[in-house]
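Examination of the molecular architecture
One letter stands for each residue in the lines below.
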Amino acid sequence: MKQLKASLFTAAFLLLLPLALQAHGIGSSDQHILSEGGLLAYVYVGAKHMVTGYDHLLFLVGVLFFLRNFGDIVRFITVFTLGHSITLIGATYLGIRADEHLVDGLIAVSVIYKGFENLGGFERVFHTKSPNLLGMVFVFGLIHGFGLSTRLQSFALGMEQFLAKIVCFNIGVEVGQIVALIPIVFIISKWRDRENYATFYTVVNWGLVVAGIALLIFQVYDHFHMVWYHSS
């Protein structure tokens, strides 16, 4: 019973800690930091955004359950990083934009997908193997990067050192990602040797599905609320 309670508590910690970090959006304080600081300010804000990016972190929690050794972690995180770097830098530099709520809705879908896949959903529901995980991580990385780009483009960047600012923000995102992943990797790796790991695994991944659905509903609601507001 004690092990079950510990498993539930740790699972809740992994899921609720990212959701409790409410600074995910862009605030006026961040704009002030970027306006007053140099390129290092973009590194700082990028790192801050990733550490408080609960939707990005929830997806990575799901990915890490699949990985068993440090080499796999490096490989998959590198592919995810490559994907989101391409769209973050490319879309921002080219000025490609989309409704942030719709993009964040797709990011929520990636969270649902990973929890569903980890629970064997493709085999149970569709009676087929799940798509290649490395490829899906890259595809979702592209989507996550586009979401980061919509946030960065909400700033007044100016034209001076434009590309350097984008790259520095991206570097900050990578730093923030590493900082956020360290405790997550530690908790999951330590729990694998416990007898109640199966319970822990199931609870967290069902939590990802539920959290992803909640985030999706929230983003869809916000999208239509904004459409209604601007049309009225």
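Conventions we followed
Residues numbered from 1 in each chain as written. Predicted model: local features only at pLDDT ≥ 70, side-chain atom pairs only at ≥ 80, totals over all residues. Heavy atoms only, no water. Phe/Tyr/Trp six-rings, centres within 6.5 Å; stacked < 30°, edge-to-face > 60°. Helix = DSSP H or I, 4+ residues; strand = E, 2+ residues; numbered from the N terminus. Buried < 20%, exposed > 50% of the residue type's maximum accessible area, 1.4 Å probe, protein only. Lys NZ or Arg CZ within 6 Å of the ring centre and 35° of its normal. 1 Å grid on protein atoms, 1.4 Å probe; cavity = no way out; pocket = protein on both sides within 12 Å on 5 of 7 lines; lining within 4 Å. Points joined across faces, edges and corners; volume = space filled by probe spheres on them. Nonpolar A, V, L, I, M, F, W, Y, C, P; charged D, E, K, R; others polar. Axes fitted to C-alpha atoms, helices over the stretch in contact; angles between N-to-C directions. Parallel < 35°, antiparallel > 145°, perpendicular 65-115°, else oblique. Left-handed = near helix turned anticlockwise from the far one by under 90°. Contact = heavy atoms within 4.5 Å.

Bringing the packing of aromatic side chains into the picture now. A complete count under the given rule lists 14 aromatic pairs for this structure. With 6.5 Å between their ring centres and 45 degrees between their planes, Phe-65 and Tyr-197 make a pair best called tilted. Pair noted here: Phe-65 is in helix 4 (residues 54-66) and Tyr-197 is in helix 10 (residues 197-231), with a separation of 132 residues, a long-range link. With respect to burial, Phe-65 and Tyr-197 carry one shared label: buried. Considering the side-chain rings of Tyr-113 and Phe-122, the 5.5 Å spacing of their centres and the 65 degrees angle between planes classify their relative orientation as edge-to-face. Neither Tyr-113 nor Phe-122 differs from the other in exposure class; each is buried. Within the aromatic cluster, the residues linked to one another by ring pairs are Phe-59, Phe-80, Tyr-113, Phe-116, Phe-122, Phe-126 and Phe-140. Sitting above the plane of the Trp-191 ring, Arg-194 keeps its charged end 4.4 Å from the centroid.

What follows deals with the layout of surface pockets. Looking at the largest pocket, its volume works out to about 280 Å³. The wall of the largest pocket is formed by Phe-70, Ile-73, Val-74, Ile-77, Thr-78, Thr-81, Glu-174, Gln-177, Ile-178, Leu-181, Ile-182 and Val-185. Sorting the residues of the lining of the largest pocket by element identifies helix 5 (70-94) and helix 9 (162-191) as the ones contributing at least two each. The class makeup of the residues in the lining of the largest pocket is 8 nonpolar, 3 polar and 1 charged.

Even without glycine at this site, His-127 takes up a positive phi of about 55 degrees. Tracing the sequence through the fold places His-127 in the loop between helix 7 (121-126) and helix 8 (133-152). Positive phi, normally seen in glycine, also occurs at Gln-161, with a value near 50 degrees. Summarising the element assignment, Gln-161 is placed in the loop between helix 8 and helix 9. For Gln-161, a relative accessible area of 46% translates into the label partly exposed.

Counted according to the given criterion, the structure contains 2 cavities of 30 Å³ or more. Estimated volume of the second largest cavity: approximately 30 Å³. Lining the second largest cavity, in full, are Tyr-54, Asp-55, Asp-104, Ala-108, Leu-215 and Gln-219. Within the lining of the second largest cavity, the residues separate by chemical class into 3 nonpolar, 1 polar and 2 charged.

What follows deals with the environment of Gln-31. By the element assignment, Gln-31 lies in helix 2 (residues 28-36). Placed 125 residues apart in sequence, Gln-31 and Ala-156 show a C-alpha to C-alpha distance of 7.5 Å.

Between helix 4 and helix 6 (residues 100-118), the least distance of the axes is 9 Å, while the angle of their chain directions is 20 degrees. Between helix 4 and helix 6, the interaxial angle falls into the category roughly parallel. The handedness of the crossing between helix 4 and helix 6 comes out as left-handed. Along the contact surface, helix 4 presents Asp-55, His-56, Leu-58, Phe-59, Gly-62, Val-63 and Phe-65, while helix 6 presents Asp-104, Ile-107, Ser-110, Val-111, Lys-114 and Asn-118. Here the residues of the contact of helix 4 with helix 6 sort into 6 nonpolar, 4 polar and 3 charged.

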